Amino acid sequence: MIPQLRSYLLDNWADLPVGRQHKRPRRLEFLVQATGISKLCCYIFADDEDHPRWVAKMPRTPRDNGILAHEYGVTEHLRTTGNAYVRLTIAAPLFTTTIADHLVGIEPYLAGRPMDGLMSTASDQNAPEILKNLEISIDWLLRCQQSTGSKAERPSAAEIENCLRSISFMKATSRLTASEAAYLDRLSAQFTQLAGVPLPLTFKHGDFQPGNILVDGSAIHVIDWEFGAISQLPLHDVFGFIARTYARYRGLEEMDEQLDEYLADFETVFFEGGSFTGPTLKYVAQACEALGVDRAWVKTLFGLFVVNEANKYNILLSRRAERGYVYLLGTKDGGEQHSYVEQLARQKQVHLLGYLAEHEDRLIFRDVEAHFETPHQNKHRVTVGVRQ
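Note that the structure is a prediction, hence the values are computed from the model and not measured.

A. Structural context of the pattern of salt bridges. Applying the stated criterion to the full structure yields 25 salt bridges. As a salt-bridge pair, Arg-346 and Glu-180 come within 2.6 Å of each other at their nearest N and O atoms. Of this pair, Arg-346 sits in the loop between α13 (340-345) and α14 (348-358) while Glu-180 sits in helix α8 (residues 178-194), and the two are 166 residues apart along the sequence. When its relative accessible area of 13% is taken as the criterion, Arg-346 is described as buried. Across the pair Glu-309 and Arg-244 runs a salt bridge, and its minimum N-O distance is 2.7 Å. Remark: Arg-244 occurs in helix α9 (residues 236-250) and Glu-309 occurs in helix α12 (residues 298-322); sequence separation between them is 65 residues. Comparing Glu-309 with Arg-244, the two get one shared label, buried. By sharing partners, the salt bridges in this structure join Arg-26, Arg-27, Glu-29, Asp-47 and Asp-48 into a single network.

Written as structure tokens, this is what we have:
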């Protein structure tokens, strides 16, 4: 693909958006980086410049064209419906084309360091590098969701069906214990019972984590929207970002680590007595205020977050396996591991759901109300600590 991409750019330079802004270079060089299992990112250097000017994104195979098209559809929608701040912080392709049957998008190069690298020197979980990055990132998320989200309304029949379908998918694809299956039944009932309580819908990044935020001084850009969605249940990115921030501080990868480590982090961030529950409650309460989420929804939304994460990873790990990347969850004693098929049915998110099912009475979100500044019924859209 690289020779075809180079030829396409140089041969068509005058007719391309980049050509109308920059003189045609003598040569182009590429630095290729694999991102996930579906995409390649090619950093494009013009002549002898030290820094790339553009980034070309392309799927590894043409059958994944739809994944990149979806990503660009989400970012384009947000840039169209959002305010100037959204457009400033979410990149869009300068143009897209098809080369050798691969969809290709050419984007401007975004300067900055991934936020997870900025946390690598943190001495403890309350270090400024941790708390400042949480503040910056949640502020960005809520500002952009306020700009592009909907007002609180009762979930429609289609939205209810979609959530119940997610629960059914997890039941069908995971090997559940009796307590896990019973928890999913309770979760379905809770969502149905709450359907009369208004709930705003927001965009979802789907992989909102420090590694997908570029920091350049006081400016940030949020990248990698492969798992993004335009209109989804709120708070999921908040839950995910807090958990992933703590995991990055601890040096945990998304997958393939020891199960005990993932369970310990889950306990620390979301359950009574956990040493990182203060930031969790603070930012969940702030998100509820900013977006107009009735506090009655929080516990159920958290359960649905765990379900949706399990479903996302089931699909992701299955796609990885098709390309020869087999998921094996680490064991504490280094002993024999279960087969891939068995582990896929009991991947880490399924274990987290099991932990939630067993410790539901210790989940911190029944205390979210105490972290609002004043009691209210979320009848009006309000903002706490978030700039419009």
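Once the structure has been displayed, the description carries forward.
B. Here's a closer look at the environment of Pro-108. Turning to its location among the elements, Pro-108 is positioned in strand β5 (residues 102-108). Looking at Pro-108, the relative accessible area reads 30%, which means it is partly exposed. Along the primary structure Pro-108 and Glu-309 are separated by 201 residues, whereas in three dimensions their C-alpha atoms are 31 Å apart. Not counting chain neighbours up to four residues away, the residues in contact with Pro-108 comprise Arg-53, Trp-54, Ala-92 and Leu-94.

C. Structural context of the packing of α9 against helix α10 (residues 259-270). Contact geometry of α9 with α10 gives a least axis separation of 10 Å together with a crossing angle of 125°. In terms of axis orientation, α9 runs oblique to α10. For the crossing formed where α9 meets α10, the hand is right-handed. Contacts from Phe-239, Ile-242, Ala-243, Tyr-246, Ala-247 and Arg-250 in α9 reach Glu-261, Ala-264, Asp-265, Thr-268, Val-269 and Phe-270 in α10. For the contact of α9 with α10, the class distribution of residues is eight nonpolar, one polar and three charged.

D. Expanded view of unusual backbone geometry. The backbone of Asp-47 shows a phi angle near 55°, a positive value even though the residue is not glycine. With relative accessibility at 18%, the residue Asp-47 sits in the buried group. A positive phi angle is found at Asp-101, which is not glycine, with a value near 70°. Looking at the secondary structure, you find Asp-101 in the loop between β4 (95-99) and β5.

E. Local environment of the nonpolar core. Of all hydrophobic cores here, the largest spans 87 residues; its most connected members are Trp-140, Phe-239, Phe-266, Phe-270, Phe-302 and Phe-365. The element contributing the most residues to this core is α12, with 11 residues. Beyond its immediate stretch of four places on either side in the chain, Phe-365 contacts Phe-239, Phe-270, Thr-280, Leu-281, Val-284, Val-298, Lys-299 and Phe-302. Counting 18 residues, the second largest nonpolar core, distinct from the first, contains Ile-44, Ala-56, Ile-99 and Ile-106.

F. Spotlight on the layout of surface pockets. Empty space within the largest pocket amounts to approximately 1,100 Å³. As for the largest pocket, its lining consists of 41 residues, of which Thr-35, Gly-36, Gly-211, Asn-212 and Asp-224 are closest to the centre. Element by element, the count of residues in the lining of the largest pocket is highest for α12, at four residues. Its residues assigned to classes, the lining of the largest pocket comprises 21 nonpolar, eight polar and 12 charged.

G. Seen up close, the sheet that holds strand β8 (residues 213-216). The antiparallel open sheet is built from three strands, whose spatial order is β6-β8-β9. Single-partner strands in this sheet number two, and they are β6 (113-114) and β9 (219-222). In this sheet, β8 lies alongside β6 in antiparallel orientation, the contact comprising two bridges. The residue bridging Arg-113 from the neighbouring strand is Val-215, located in β8.

H. Seen up close, the packing of helix α7 (residues 157-173) against α12. Closest axis-to-axis distance for the α7/α12 pair is 9 Å, and the angle between their directions is 55°. Here α7 is positioned oblique relative to α12, judged by the angle of their axes. The chirality of how α7 crosses α12 is left-handed. For the pair α7 and α12, the contacting residues are Cys-163, Ser-166, Ile-167, Phe-169, Met-170 and Thr-173 in the first and Leu-304, Val-307, Asn-308, Ala-310, Asn-311, Asn-314 and Ile-315 in the second. In terms of residue class, the contact of α7 with α12 is built from eight nonpolar, five polar and no charged.

I. Inspection of the sheet that holds β4 at higher detail. Read across the open sheet, the five strands follow the order β1-β2-β3-β5-β4; overall the sheet is antiparallel. Each edge of the open sheet is held by one strand with a lone partner, namely β1 (28-35) and β4. Mean inter-strand twist for the sheet, computed between neighbouring axes without regard to direction, equals 25°. Pairing analysis gives five bridges linking β4 to β5, with the strands arranged antiparallel. The residue of β5 that forms the bridge with Thr-96 is Gly-105. Running at roughly 130° to β1, helix α1 (residues 2-11) makes contact with β1, β2 (39-46), β3 (54-59), β4 and β5 of the sheet.

The rules we used
- Residues numbered from 1 in each chain as written.
- Predicted model: local features only at pLDDT ≥ 70, side-chain atom pairs only at ≥ 80, totals over all residues.
- Heavy atoms only, no water.
- Salt bridge = Lys/Arg side-chain N within 4 Å of Asp/Glu carboxyl O.
- Helix = DSSP H or I, 4+ residues; strand = E, 2+ residues; numbered from the N terminus.
- Buried < 20%, exposed > 50% of the residue type's maximum accessible area, 1.4 Å probe, protein only.
- Contact = heavy atoms within 4.5 Å.
- Axes fitted to C-alpha atoms, helices over the stretch in contact; angles between N-to-C directions.
- Parallel < 35°, antiparallel > 145°, perpendicular 65-115°, else oblique.
- Left-handed = near helix turned anticlockwise from the far one by under 90°.
- Nonpolar A, V, L, I, M, F, W, Y, C, P; charged D, E, K, R; others polar.
- Core = buried A, V, L, I, M, F, W, Y, C linked by side-chain atoms within 4.5 Å.
- 1 Å grid on protein atoms, 1.4 Å probe; cavity = no way out; pocket = protein on both sides within 12 Å on 5 of 7 lines; lining within 4 Å.
- Points joined across faces, edges and corners; volume = space filled by probe spheres on them.
- Pairing = 2+ DSSP bridges.

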